[in-house]
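Structural overview for review
Listed here are the chains, written in short residue letters.
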Amino acid sequence: MGYLAWIILGALSGWIASMIMGKNSQMGAIANIIVGIIGAFIGGFVFRVIGASGVTGLNLWSVIVSVVGACILLFIANKIKR
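On a predicted model such as this, the values are computed, not experimentally measured, just so you know.

**Comments concerning helix α2 (residues 29-49)**
With 21 residues, α2 should reach 30 Å at 1.5 Å per residue; the first-to-last C-alpha distance of 30 Å fits that figure. Of the positions making up α2, those classed as buried are Asn 32, Ile 33, Val 35, Gly 36, Gly 39, Ala 40, Gly 43, Gly 44 and Phe 47. In the core, the buried residues of α2 are packed alongside α1 (3-20) and α3 (60-81). A positive backbone phi angle near 100° is found at Gly 51, which sits one or two residues after α2.

See the structure below:
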């Protein structure tokens, strides 16, 4: 995937994950992109461990994987912050 695809995937999945985790009002666009991209790596690792494919491109499956990873990241960050 190209850089633009990673930014789009990161922005979309970071925004969805921040809404799911109740952090949308605290995060800006750059934070959503960063959380989404890191979440794609975390989600890809988790999904590969359980036997599924990770991020495969700019498609619905990759968004799901990335959102799961971003939610895991936000959950861990919330626990560390408290």
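**Quick notes on the packing of α1 against α2**
At a closest axis distance of 6 Å, the pairing of α1 and α2 adopts a crossing angle of 100°. Overall, the two elements α1 and α2 adopt an arrangement that is roughly perpendicular. Of α2, the residues touching α1 (which contributes Trp 6, Ile 7, Leu 9, Gly 10, Ala 11, Ser 13, Gly 14, Trp 15 and Ser 18) are Asn 32, Ile 33, Gly 36, Ile 37, Ala 40 and Phe 41. Its residues assigned to classes, the contact of α1 with α2 shows 9 nonpolar, 6 polar and no charged.

**Examining the environment of Leu 73**
Assignment of secondary structure puts Leu 73 in helix α3. Of the residues examined, Leu 73 reaches a relative accessible area of 21% and is grouped as partly exposed. It is 7.7 Å that separates the C-alpha atoms of Leu 73 and Ile 42, two residues lying 31 residues apart in sequence. Those residues in contact with Leu 73 that sit more than four places away from it in its chain are Val 35, Ile 38 and Ile 42.

**A word on the UniProt feature "transmembrane region" (unreviewed entry) in the protein**
In the numbering used here, UniProt assigns the feature "transmembrane region" (unreviewed entry) to residues 6-22, 29-52 and 58-77. Helix makes up 88% of residues 6-22 and strand 0%. Its end C-alpha atoms lie 23 Å apart. Taken end to end, residues 29-52 comprises 88% helix and 0% strand; its first and last C-alpha atoms sit 29 Å apart.

**What to know about the environment of Val 55**
When you line up the elements, Val 55 lands in the loop between α2 and α3. Given a relative accessible area of 25%, Val 55 falls into the partly exposed group. For the pair Val 55 and Gly 44, spaced 11 residues apart in sequence, the C-alpha to C-alpha distance is 5.7 Å.

**Here's the deal with α3**
Here α3 contains 22 residues, and its C-alpha end-to-end distance of 31 Å stays within 8% of the 32 Å for a straight helix at 1.5 Å per residue. Along α3, the residues classified as buried are Ser 62, Val 63, Val 65, Ser 66, Val 67, Gly 69, Ala 70, Cys 71 and Leu 74. Along its buried surface, α3 packs onto α1 and α2. Its side-chain oxygen at 3.4 Å from the backbone nitrogen of Trp 61, Asn 59 defines the N-terminal cap of α3.

Cut-off values and rules
Residues numbered from 1 in each chain as written. Predicted model: local features only at pLDDT ≥ 70, side-chain atom pairs only at ≥ 80, totals over all residues. Heavy atoms only, no water. Helix = DSSP H or I, 4+ residues; strand = E, 2+ residues; numbered from the N terminus. Expected span 1.5 Å × (residues − 1). Buried < 20%, exposed > 50% of the residue type's maximum accessible area, 1.4 Å probe, protein only. Contact = heavy atoms within 4.5 Å. Axes fitted to C-alpha atoms, helices over the stretch in contact; angles between N-to-C directions. Parallel < 35°, antiparallel > 145°, perpendicular 65-115°, else oblique. Nonpolar A, V, L, I, M, F, W, Y, C, P; charged D, E, K, R; others polar. UniProt positions renumbered as here; feature names shortened; annotations may be inferred. Polar contact = N/O pair within 3.5 Å; in protein donor to acceptor, adjacent residues only side chain to side chain.

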